[in-house]
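The primary structure of each chain is shown beneath.
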Amino acid sequence: MPNDHFSTAPTQPAPFGAGCLQLLMAWQMAAVRGALLAQGQQWEAMGVWQRSAAAVQRELMDEWICRFGGGVPLDG
């Protein structure tokens, strides 16, 4: 009488079905989401850098106007 609990028959792998496909899609979505978040942070850093560069440019232009333009700039 064979013991069913300790069967030596090889087990068949689970067929590639909807569960495997959902796991694969979840992994891909996590990778894409991470890449998009990283890119968003890069865009935000570039925007901050551009705003600071624009502020420096405005300040230098105001100083140039005060020195060579003969007065106070119109924007105060």
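Cut-offs applied
- Residues numbered from 1 in each chain as written.
- Predicted model: local features only at pLDDT ≥ 70, side-chain atom pairs only at ≥ 80, totals over all residues.
- Heavy atoms only, no water.
- Helix = DSSP H or I, 4+ residues; strand = E, 2+ residues; numbered from the N terminus.
- Buried < 20%, exposed > 50% of the residue type's maximum accessible area, 1.4 Å probe, protein only.
- Areas by Shrake-Rupley, 256 points an atom, 1.4 Å probe, with all protein chains shown as cover.
- Phe/Tyr/Trp six-rings, centres within 6.5 Å; stacked < 30°, edge-to-face > 60°.
- Patch = residues over 30% accessible without salt bridge, like charges linked within 9 Å, V, L, I, M, F, W, Y side chains within 5 Å.
- Salt bridge = Lys/Arg side-chain N within 4 Å of Asp/Glu carboxyl O.

Draft legend 1. Quick look at the overall build of the protein chain. The number of helices and strands found in the protein chain is one helix and zero strands. Per-residue burial over the protein chain gives 3% buried out of 76 residues. Of the accessible surface of the protein chain, which amounts to about 7,300 Å², a share of 65% is contributed by carbon and sulfur atoms.

Draft legend 2. Main features of the packing of aromatic side chains. Scanning all chains against the criterion turns up one aromatic pair. Judged by centre distance (5.7 Å) and plane angle (45 degrees), the rings of W64 and F68 are tilted. In this pair, W64 and F68 are both assigned in helix α1 (residues 18-68), four residues apart and thus about one turn of the helix distant. Looking at W64, the relative accessible area reads 47%, which means it is partly exposed.

Draft legend 3. Main features of a nonpolar patch on the surface. Taken together, L21, L24, M25 and W27 make up a surface patch of nonpolar side chains, about 420 Å² in accessible area. Position of M25 among the secondary structure elements: in helix α1. A relative accessible area of 41% places M25 in the partly exposed class.

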